[in-house]
Amino acid sequence: MADRTTDDNTVSSQPQKTIADFDPPQKPKRNKYAFACAILASMTSILLGYDIGVMSGAAIYIKDDLKISDVEVEVLLGILNLYSLIGSAAAGRTSDWVGRRYTIVLAGAIFFVGALLMGFATNYSFLMFGRFVAGIGVGYALMIAPVYTAEVSPASSRGFLTSFPEVFINSGILLGYVSNYAFSKLPTHLGWRLMLGVGAIPSIFLAVGVLAMPESPRWLVMQGRLGDATRVLDKTSDSKEESMLRLADIKEAAGIPEHCTDDVVQVPKRSQGQDVWKELLLHPTPAVRHILICAIGIHFFQQASGIDAVVLYSPRIFEKAGITNSDKKLLCTVAVGFVKTVFILVATFFVDKVGRRPLLLASVAGMILSLTGLGLGLTIIDQNHERILWAAVLCLTMVLLYVAFFSIGMGPITWVYSSEIFPLKLRAQGCSLGVAMNRVVSGVLSMTFISLYEAITIGGAFFLYAAIASVAWVFFFTMLPETHGRTLEDMEVLFGKFHKWRKANALLKQKKNASHGDGITNNGQVQLGTRGQVN
């Protein structure tokens, strides 16, 4: 009996398990505050999307009203991308000077003025001046929205949140297409002016809404405002522990000693922007050189694979495919915008689950197939004088497939990837270089598409884009490491071996396993102690 009593007491002293104990562990909830900040910052990208979408249809009516040539139409549509270079080049310095938040406000204000100028344009020269002003605002928005979002996001949802700018670009494109259709029934001289002018309305609300956001914690640390940075990190991190680890990493990157805990500290001169261009371009480390090649390369291939030709000139493509009715062309264009927007939403939910590389490689493979199919369909139609229904259906299907594949990977991941791989000190300027490449290629492609397809046929133009996309797939497969699950401060280990980056990835995994349970967050992110040399 004594033994039995002892056994009973032993059993009763153990904690009793309930059914709930056998449930799978719950996934950590997304940080709602960081989510709201990312949405507000990313909504500035709707300005670019609206301009791209609305100009595709407005160009038809502008050409008729102002009596301009095809070459002038090409320049009108594509020149905004080159004008935006001024904004993106200035945004890096401006964001380091006045902060990320006020730079976003400035982007909205400049675009507001540009949209009004375009809406009241009386001739081609006036319209081009409006494009110039709007382009500067677009350049600011393109550069700063991904940077701010990456810096405010916790590592667990950074990919999800930094894909938002592309979501809003696509939403803007769809709104532009809808605006084309809505105002197409008005008199020609009035319709296109309203299409362009109403773009000023959302920029007012965006500029005001952004003032409710906090400043980027990384920018605050660069200014020595540790107290303010800590408060923002506490609100935007998944846990207090993660907030402390993020602050420690940022302080290390900014050159602030770990023992400095005052609300305001003196920042070493090297973290205030001096010699940034020298470190980025003239004397980069192997890691920075690799990062720069990857960032510029992904931006180059995003545009060189033909997305702006499809989005800006979709009415012409459908006309070449045999769809000549104006209403039907605009409705097909709206369908393009709808598909593009739906699939970008799909991508946002998978970028932090599947990873960057699998989505990107699958996306580009699909783009290659759909561009080849589109080129084939247009070539068949071009060589036959009769209307071929199945070829027209093939062209429409391939256009929809192309924008769908672009949206699930190449579109959002370009911005996610380039905004998260640069070191803190070089991030603003590095991202501005990526955006500059993006806009140059986009501008060149937009301003040469009509001339290109007149020279090599419209089918040949899309075969050329398919070939460029094939080169892009090889570049991404060999040169781009997976960054999912890494902190922004881990990137200097992951990069530097170029096509041999898998060795660095193995080292990071090894260190994560070795330090499991010590300085690791619940979701398994490596937070500290990952810097080192890869042999």
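Residues numbered from 1 in each chain as written. Predicted model: local features only at pLDDT ≥ 70, side-chain atom pairs only at ≥ 80, totals over all residues. Heavy atoms only, no water.

> Describe the pattern of salt bridges, naming the residues involved and giving the relevant values.
Per the stated rule, a full pass over the model turns up eleven salt bridges. Where D96 meets R100, a salt bridge forms, and the shortest distance between an N and an O atom there is 2.8 Å. The same class applies to D96 as to R100, namely buried. The partner of E420 in a salt bridge is R356, with the nearest N and O atoms 3.0 Å apart. Of the two residues, E420 sits in helix α20 (residues 389–420) while R356 sits in helix α19 (residues 356–382), which places them 64 residues apart along the sequence. For the pair shown, E420 and R356 are each scored as buried. Each of K63, D70 and R316 takes part in a single network of salt bridges with overlapping partners. (Salt bridge = Lys/Arg side-chain N within 4 Å of Asp/Glu carboxyl O. Buried < 20%, exposed > 50% of the residue type's maximum accessible area, 1.4 Å probe, protein only. Helix = DSSP H or I, 4+ residues; strand = E, 2+ residues; numbered from the N terminus.)

> Can you tell me about helix α13 (residues 240–254), naming the residues and giving the values?
Because an α-helix completes one turn every 3.6 residues, residues spaced three or four positions apart along the sequence face the same direction. End to end, α13 covers 21 Å across 15 residues, agreeing with the expected 21 Å (1.5 Å per residue, within 8%). Within α13, burial applies to E242, S243, L245, R246, L247, D249, I250, K251 and A254. Buried positions along α13 lie against α6 (124–152), α11 (217–222) and α12 (226–236). G255 lies just past α13 and shows a positive phi near 80°. (Expected span 1.5 Å × (residues − 1). Contact = heavy atoms within 4.5 Å.)

> An account of the packing of helix α15 (residues 286–304) against α20 is requested, with residue identities and associated values reported.
Here α15 crosses α20 at 150°, and the two axes come no closer than 9 Å. On the basis of the axis angle, α15 is roughly antiparallel to α20. Like other packed secondary-structure pairs, α15 and α20 cross with a definite hand, here left-handed. On α20, the residues touching C294, A295, I298, H299, F301 and Q302 of α15 are F406, M410, G411, I413, T414, W415, Y417 and S418. (Axes fitted to C-alpha atoms, helices over the stretch in contact; angles between N-to-C directions. Parallel < 35°, antiparallel > 145°, perpendicular 65-115°, else oblique. Left-handed = near helix turned anticlockwise from the far one by under 90°.)

> Residue-level account of the nonpolar core, with values.
Residues I62, F462 and F476 are the most contacted members of the largest nonpolar core, which totals 137 residues. A per-element tally of this core places α6 first, with 15 residues. Lining this core are residues from two domains, each supplying at least three of them: domain 1 (30–216) and domain 2 (275–513). Not counting residues up to four positions away in its chain, the partners in contact with F462 are V310, I317, L371, L374, G375, L378 and F449. Grouped together as the second largest cluster of nonpolar side chains are 15 residues, L220, V221, A229 and L247 included. (Core = buried A, V, L, I, M, F, W, Y, C linked by side-chain atoms within 4.5 Å. Domains from an automatic or database assignment.)

> Which residues make up unusual backbone geometry, and what are the values?
At K67, a residue that is not glycine, the phi angle is positive and equals roughly 55°. Structurally, K67 can be placed in the loop between α3 (46–66) and α4 (70–98). On the basis of relative accessible area, K67 is assigned to the exposed category, the value being 68%. A positive phi angle, near 75°, is found at T457, a position not held by glycine. Among the residues examined, T457 registers a relative accessible area of 35% and is labelled partly exposed.

> Could you give me a rundown of a nonpolar patch on the surface, with the residues and numbers involved?
A grouping of F338, V342, F343, L345, V346, F349, F350 and V354 is seen on the molecular surface, where their side chains present a nonpolar patch of about 680 Å² in accessible area. Mapped onto the fold, V346 is located in helix α18 (residues 326–350). Given the relative accessible area of 36%, V346 is considered partly exposed. (Patch = residues over 30% accessible without salt bridge, like charges linked within 9 Å, V, L, I, M, F, W, Y side chains within 5 Å. Areas by Shrake-Rupley, 256 points an atom, 1.4 Å probe, with all protein chains shown as cover.)

> Report on helix α21 (residues 427–456), specifying residues and quantitative values.
Compared with an ideal rise of 1.5 Å per residue, which puts 30 residues at 44 Å, α21 spans 40 Å between its outermost C-alpha atoms and is within 8% of the ideal. Maximal helix bending in α21 amounts to about 55°, located at F449. The first or second residue beyond α21 is T457, which carries a positive phi of 75°. (Bend = angle between axes of the 7 residues up to and from the residue.)

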